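Reading the structure
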Amino acid sequence: MNPHFEIKEKKIIYDILDSVEYGTLALCIDNRPYAVPMNFVRIDEYIYFHGAIKSKKMKILAQNQNASFSVVENYSLIDSDFSSTKGLACPVTQFFKSVTIDGVIEMVESRDEKAIMFEAIMKKLQPKGGYKPFSDEAYNKTLKATAVFKLVANHIACKFKFGQHLNSERFEMIISNLKARGTKMDIATIEVMRELR
């Protein structure tokens, strides 16, 4: 990874994981990859998922617990003419924040830990509340019938790509073009670009 783009601060990484609603879980069996978009929640250093007990991913995990998980928070698409006047397509790029986690999946069997995971994911996805707590016995059957598993990380990589590597002329040219286009995403992108410069 280009060192200009690498982020190592755990708080920043956790902030992204706590704000992004879904990511892609990548598994592998018999040398064949399988990637699936999934909702998730971070609790401490673990990434929790849930799903049907009888599913393709659970069959794969029964044989291979190694996994990779990635999330992306998109920012502005940078048109090719936003940073160059040469008329080439090459400069086109996407600005973004991303986190990739490699590790091992562990199954969660405890009702208490399952309930903690569901409380956390509901607070993340439905912060307004309006549901019974998962300590309620009404959830017993559902919790028993639902697979819950967590990714234990052995490597985390975080990348912020916002033109940090560009010279001042190209950097300011992008900002000028983003201002001219003026979408909410463009304004948010400019703010992050300035913060990282």
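Residues numbered from 1 in each chain as written. Predicted model: local features only at pLDDT ≥ 70, side-chain atom pairs only at ≥ 80, totals over all residues. Heavy atoms only, no water.

Some points on helix α2 (residues 56-63)
Residues K57, M58, I60 and L61 constitute the buried set of α2. End-on, the buried residues of α2 take up no more than an arc of 160 degrees, which puts them together on one face. In α2, the exposed positions that point more than 90 degrees away from the buried face belong to K56, K59, A62 and Q63. On its buried side, α2 packs onto β2 (22-29), β3 (32-39), β5 (46-52), β7 (93-108) and β8 (146-161). (Buried < 20%, exposed > 50% of the residue type's maximum accessible area, 1.4 Å probe, protein only. Helix = DSSP H or I, 4+ residues; strand = E, 2+ residues; numbered from the N terminus. Arc of directions from axis to C-beta. Contact = heavy atoms within 4.5 Å.)

Details of the environment of D186
Within the secondary structure, D186 sits in helix α6 (residues 184-196). A sequence separation of 169 residues divides D186 from L17, and the C-alpha atoms of the two residues are 22 Å apart. Dropping the residues within four chain positions of it, D186 is found in contact with S76, L178 and R181.

A short note on unusual backbone geometry
Most peptide bonds take the trans form, and the phi angle of most residues other than glycine is negative. Even without glycine at this site, D30 takes up a positive phi of about 50 degrees. Within the fold, D30 resides in the loop between β2 and β3. In this structure D30 comes out as exposed when scored by relative accessible area, which is 64%. Residue N31 is not a glycine yet carries a positive backbone phi of 65 degrees. Mapped onto the secondary structure, N31 falls in the loop between β2 and β3. Judged by its relative accessible area of 71%, N31 falls in the exposed class.

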